[in-house]
Amino acid sequence: MDDQSVVDVGDVRLAYRTWGDPFGSPVVLLHGLGASAASWEAAGSLLGREWRVYAIDLRGHGESDWPDAYDFASMREDVLGFLDECELDRAGVVGHGMGGVVAHLLAQEHPDRVERLVLVETPPPFPGAAGPDVPPDGPVDYDEAVLAAVNAQLADPDPAWAEGLGEIVAPTLLLAGGPGSTMPQARLQDMASMIPDCHLVTLGGGHRPHEADPEQVAQRITEFFTS
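Just so we're clear, the structure is a prediction, and the values are computed from it rather than from any experiment.

The rules behind the values
Residues numbered from 1 in each chain as written. Predicted model: local features only at pLDDT ≥ 70, side-chain atom pairs only at ≥ 80, totals over all residues. Heavy atoms only, no water. Helix = DSSP H or I, 4+ residues; strand = E, 2+ residues; numbered from the N terminus. Buried < 20%, exposed > 50% of the residue type's maximum accessible area, 1.4 Å probe, protein only. Contact = heavy atoms within 4.5 Å. Arc of directions from axis to C-beta. Pairing = 2+ DSSP bridges. Right-handed = clockwise from strand over helix to strand, strands pointing away. Core = buried A, V, L, I, M, F, W, Y, C linked by side-chain atoms within 4.5 Å.

Colleague: Looking at this structure, I do not really get the overall build of the protein. What am I missing?
Modeller: In terms of helices and strands, the protein carries eight helices and eight strands. With the C-alpha coordinates of the protein rotated into their principal frame, the extents come out at 40 × 40 × 35 Å. Of all 227 residues assigned to the protein, the portion counted as buried reaches 58%. Partitioning the contacts of the protein with sequence separation of at least 6, the portion at a separation of at least 24 is 77%.

Okay, structure coming up:
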């Protein structure tokens, strides 16, 4: 069963869930657009058998603050602040969709804080290549302003995002969802080829493989972190 907590990072209060041994090696999970830490519940609880897992509600989502300022640089610094507040010097970082963008920007800017990096169905940082990162069905648990802000940045990303892929030093695993995904799979391959130490694995399961098959995703992540 997960525990839920909050932490103040600058002017933003972030909610998060945890699983596993408090003294285990840390793994941080970041959700996709329109989702929340709850989207990682099944996979996170499985990963908690091996790791100390932290799943954050990113700003504008879930139980975290909705500050109406939704640029990726702010989200990246939120996660950095979270690591500081939780006294996590280095962590494995896993991001799905939008959260994957936050994760690889963190790995670019703060390589000393990311032990290993997993990008799950992450929008490629090329103009017009992201594809629709559609929020989950059902009741909304996010600030609707976040959708337009994030999608605009994904459609026309900062060129530094792609340039910075080559500066990622953390071993990286990119998990693709296959033909059922809204992400352009060929561009995911292009993205993987720009990261120096990156392995691309196509799982199937569409855009949310961690929800479609949490056991397989947890197993892949665990194998990668222990290889």
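Moving on, there is more to tell.
Colleague: How should I be thinking about helix α4 (residues 145-155) in this particular structure?
Modeller: An α-helical segment advances 3.6 residues per turn. Residues three or four places apart therefore align on the same side. Residues of α4 that are buried include every one of V146, L147, V150, Q153 and L154, and no others. Angularly, the buried residues of α4 cover 145 degrees about the axis, an arc narrow enough to put them on a single face.

Colleague: I would appreciate a short explanation of the pairing of strand β4 (residues 52-56) in the present structure.
Modeller: Put simply, side chains in a regular strand alternate between the two faces of the sheet. The buried count for β4 comes to five of five residues, which makes it a mostly enclosed element. Across the two faces of β4 the burial is the same, with R52, Y54 and I56 and V53 and A55 all buried. With five bridges joining them, strand β3 (residues 26-30) and β4 adopt parallel strand pairing. Counted as the bridge partner of L30 is I56 from β4. Each parallel crossover has a hand, and the one from β3 via helix α1 (residues 41-47) to β4 is right-handed.

Colleague: Looking at this model, I keep getting lost on unusual backbone geometry. Mind explaining?
Modeller: If a residue is not glycine, its phi is most likely negative; likewise, a peptide bond is most likely trans. A positive phi angle, near 65 degrees, is found at D68, a position not held by glycine. Inspection of the secondary structure puts D68 in the loop between β4 and α2 (72-85). Owing to a relative accessible area of 55%, D68 belongs among the exposed residues under this scheme. Positive phi values are uncommon outside glycine, yet E87 reaches one of about 55 degrees. Note that E87 resides in the loop between α2 and β5 (91-96).

Colleague: Any chance you could explain helix α6 (residues 185-194) here in plain terms?
Modeller: Among the residues making up α6, those that are buried are L188, M191 and A192. Buried residues along α6 cover an arc of 100 degrees about the axis, so they all sit on one side. Within α6, the exposed residues directed more than 90 degrees away from the buried face are A186 and S193. Residues of α6 that are buried in the fold lie against α3 (98-109), β6 (114-120), α5 (159-165), β7 (172-176) and β8 (198-202).

Colleague: Just to check I follow, could you spell out the nonpolar core for this structure?
Modeller: The tendency in soluble globular proteins is for nonpolar side chains to be buried as a group. Counting 53 residues, the largest nonpolar core has L30, F72 and F82 as its most contacted members. In terms of residue count, α3 provides more of this core than any other element does, seven residues in total. Setting aside anything within four residues of it in sequence, one finds F82 in contact with V7, V9, L14, Y16, Y54, I56 and L88. Residues L46, L173, V217 and F225 belong to the second largest nonpolar core, which totals 23 residues.

Colleague: Which parts of the structure should I look at to understand the environment of A37?
Modeller: Mapping A37 onto the fold places it in the loop between β3 and α1. A relative accessible area of 1% means that A37 is categorised as buried. A sequence separation of 19 residues divides A37 from I56, and the C-alpha atoms of the two residues are 5.4 Å apart. Excluding residues that lie within four positions of it along the chain, A37 makes contacts with R17, W19, H31, A55, I56 and D57.

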